[in-house]
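Structural overview
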Amino acid sequence: MTKKRRWLIGLGAVVVVAIIAFASLGRNGGDKGIAVEVEPVGKRTVIQTVTATGKIQPMIQVNISADVSAKITQLGVEEGDWVEKGTLLVELDRERYAAAVDSAEANLRAGQAQANLARENMIKAEKDYDRTKELFDRNLESQAVLDTMYAAAEVEKARHQSALDQGEQAKAALRQARDDLAKTTIYAPMAGTVSKLNKEVGEIALGSQFQEDVILEISNLEGMEALVDIDENDIVSVSIGDEAELEVDARPDVKLKGRVTEIANSAKSSGAGTADEKTEFEVKVAIIDPIPELRPGMTASTEIVTKVCENCLSVPIQSVAVRTVEQLGARASDGELGGEPRFLPDSEGFVEIVWVVADGRAEARQVKTGIQSGTHIEVKEGLDDDDEVVIGNYRAISRDLEDGTMVMVDGEQKG
């Protein structure tokens, strides 16, 4: 059963329960027929919407956190301040990191000295080997001595290469130490407003690559959006680019225009295993004309336009009812000439109908409906432009009327 059909059935049930206490007011029985209200079928623009609520947030927002752990010694901004790109935001205690740079520089100098010494030893060993080789070629030195000198030269080469590698490690350690020192000063990565300040001078900023310890947030408040949650039954109707109208609780008198820019691919669930379980999708709606009063975290109600049908045949929503063929009365069960049935129930046995007044009697018309707004529903098949449909009373539409029932409109019997 579709959502629309469930809604119509639910509406009918609620109306019946609410009206039953006032039965004497809603019906003029006897020969005069049932009192009803009618309205000509009209063509109008029907706008289908999906409503949702959520929070206002900047389209661009950056969390500022430290990459190294240290005490905050200076905060260059306050919440609400406007900052340009490159503005000094935070300074951390740099003493430990400056000492680490000094130590790394000393280790690099020591490593370079060791590499120089190893190079000189390597050169000496190579010269000693060359001289021994000349003597060996003249049969003035033994093979054993030559082998010893060759081994000594190879050892010194290895020591020199090791010293060079240690020097590179020392350079890398120095670069790391200087990088850590540089990260004790944090600058603004973009222009924007300091929308949130989480730390004070004297507090510890925890530097981590795996978990943020946010010091402050910078937001571009000129570009705002609403992050709303849309029910899984409605999300299939929403598309990127759909227009929307937004209202924030802080300014209920102002209507803001928006456009859907992003739809989550995965759902989020809440209340699993309970009667309140919900499955929803996050949708971002960019605000086209933001007002200065907008602030991150404000509650927003959003109405997203999903479909528009211009100049289409439509009737008030309350005019459409869902009945079984048996509920429509004995005449409804009869076939038309040629044996064709007047009504074709769906797989669940229900017929979607509208009551049309003709010759003083109510005639059930099976209809095929389309999109619906808050007040009207599109009728694709089953009605003509000159038909008059019953729009009230609710009890008559949902319960009392049967196919062929005599009716009275505006206090006078029709026909």
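Because the structure is predicted, anything quoted here is derived from the model rather than measured. (Residues numbered from 1 in each chain as written. Predicted model: local features only at pLDDT ≥ 70, side-chain atom pairs only at ≥ 80, totals over all residues. Heavy atoms only, no water.)

Next up on the list: the overall build of the protein chain. From N to C terminus, the protein chain includes 7 helices and 24 strands. A burial count over the protein chain gives 38% of its 415 residues as buried. Long-range pairs, those at least 24 residues apart, make up 76% of the contacts in the protein chain between residues at least 6 apart in sequence. (Helix = DSSP H or I, 4+ residues; strand = E, 2+ residues; numbered from the N terminus. Buried < 20%, exposed > 50% of the residue type's maximum accessible area, 1.4 Å probe, protein only. Contact = heavy atoms within 4.5 Å.)

Now for the environment of A100. Structurally, A100 can be placed in helix α3 (residues 95-137). For A100, a relative accessible area of 33% gives the class partly exposed. As for A100 and D180, which are separated by 80 residues in sequence, their C-alpha atoms are 9.0 Å apart.

Quick look at the sheet that holds strand β9 (residues 204-205) now. Sheet architecture is open: 4 strands sit in the order β7-β6-β4-β9, paired in antiparallel fashion. Each edge of the open sheet carries a strand with a single partner, namely β7 (185-187) and β9. Here 2 bridges tie strand β4 (residues 70-75) to β9, and the two strands are oriented antiparallel to one another. Each residue of the ladder has a partner; that of A70, found in β9, is A205. (Pairing = 2+ DSSP bridges.)

It is worth spelling out the pattern of salt bridges at this point. Scanning all chains against the criterion turns up 23 salt bridges. Ionic pairing is found between R178 and E105, a salt bridge with its closest N-O pair at 3.2 Å. Remark: E105 occurs in helix α3 and R178 occurs in helix α4 (residues 143-182); sequence separation between them is 73 residues. For E105, a relative accessible area of 24% corresponds to the partly exposed category. For R365, the salt bridge is made with E363, and the minimal N-O distance between the two is 2.9 Å. R365 gets classed as buried once you look at its relative accessible area, which sits at 19%. (Salt bridge = Lys/Arg side-chain N within 4 Å of Asp/Glu carboxyl O.)

It is generally the case that most residues other than glycine have a negative phi and that most peptide bonds are trans. Looking along the chain, the bond that leaves G392 and enters N393 is cis, with omega of 0 degrees. Within the fold, N393 resides in the loop between β22 (388-392) and α7 (394-400). Even without being glycine, N311 reaches a positive phi, approximately 55 degrees. In this structure, D359 takes a positive phi of about 55 degrees despite not being glycine. Tracing the sequence through the fold places D359 in the loop between β18 (351-358) and β19 (361-366). Residue D359 is classed as exposed on the basis of its relative accessible area of 72%.

Below, the discussion takes up the sheet that holds strand β5 (residues 82-83). Taken in spatial order, the 4 strands line up as β3-β10-β8-β5 in an open sheet, and their pairing is antiparallel. Unpaired on one side and paired on the other, β3 (61-65) and β5 mark the two borders of the sheet.

With that settled, consider the nonpolar core. Counting residues in hydrophobic clusters, the biggest one holds 27 residues, and the most contacted among them are L89, V90, L92, I215, L216 and I218. At the level of secondary structure, the elements contributing two or more residues to this core comprise β4, β6 (88-92), α3, α4 and β10 (214-219). A226, I230, F281 and I291 belong to the second-largest nonpolar core, a separate cluster that totals 24 residues. (Core = buried A, V, L, I, M, F, W, Y, C linked by side-chain atoms within 4.5 Å.)

What follows concerns α4. Within an α-helix, residues lying three or four positions from one another point in the same direction, as the helix has 3.6 residues per turn. Between its first and last C-alpha atoms α4 spans 59 Å; for 40 residues at 1.5 Å apiece the expected length is 58 Å, and the two agree. When α4 is considered as a whole, its buried residues turn out to be L146, M149, A153, E156, H160, A163, G167, A170, L174, A177, D180 and L181. Against α3 and β7 lie the buried residues of α4. (Expected span 1.5 Å × (residues − 1).)

Across the two faces of strand β12 (residues 243-248) the burial differs, with A244, L246 and V248 buried and E243, E245 and E247 not buried at all. Across 5 bridges, the pairing between β12 and strand β13 (residues 251-263) is antiparallel. Residue A244 lies in a different strand from β13, and its bridge partner there is G258. Hairpin connection from β12 to β13: 2 residues lie between these consecutive antiparallel strands. Note that β12 and strand β16 (residues 299-316) share 5 bridges and pair antiparallel. Bridged to A244 within β16 is I304.

This next bit is on the packing of α3 against α4. In the contact formed by α3 and α4, the axes pass within 7 Å of each other and the chain directions differ by 165 degrees. The orientation of α3 with respect to α4, classified from their angle, is roughly antiparallel. Two packed elements cross with a definite hand, and for α3 against α4 that hand is left-handed. Here the contact of α3 with α4 is built from residues that sort into 25 nonpolar, 9 polar and 11 charged. (Axes fitted to C-alpha atoms, helices over the stretch in contact; angles between N-to-C directions. Parallel < 35°, antiparallel > 145°, perpendicular 65-115°, else oblique. Left-handed = near helix turned anticlockwise from the far one by under 90°. Nonpolar A, V, L, I, M, F, W, Y, C, P; charged D, E, K, R; others polar.)

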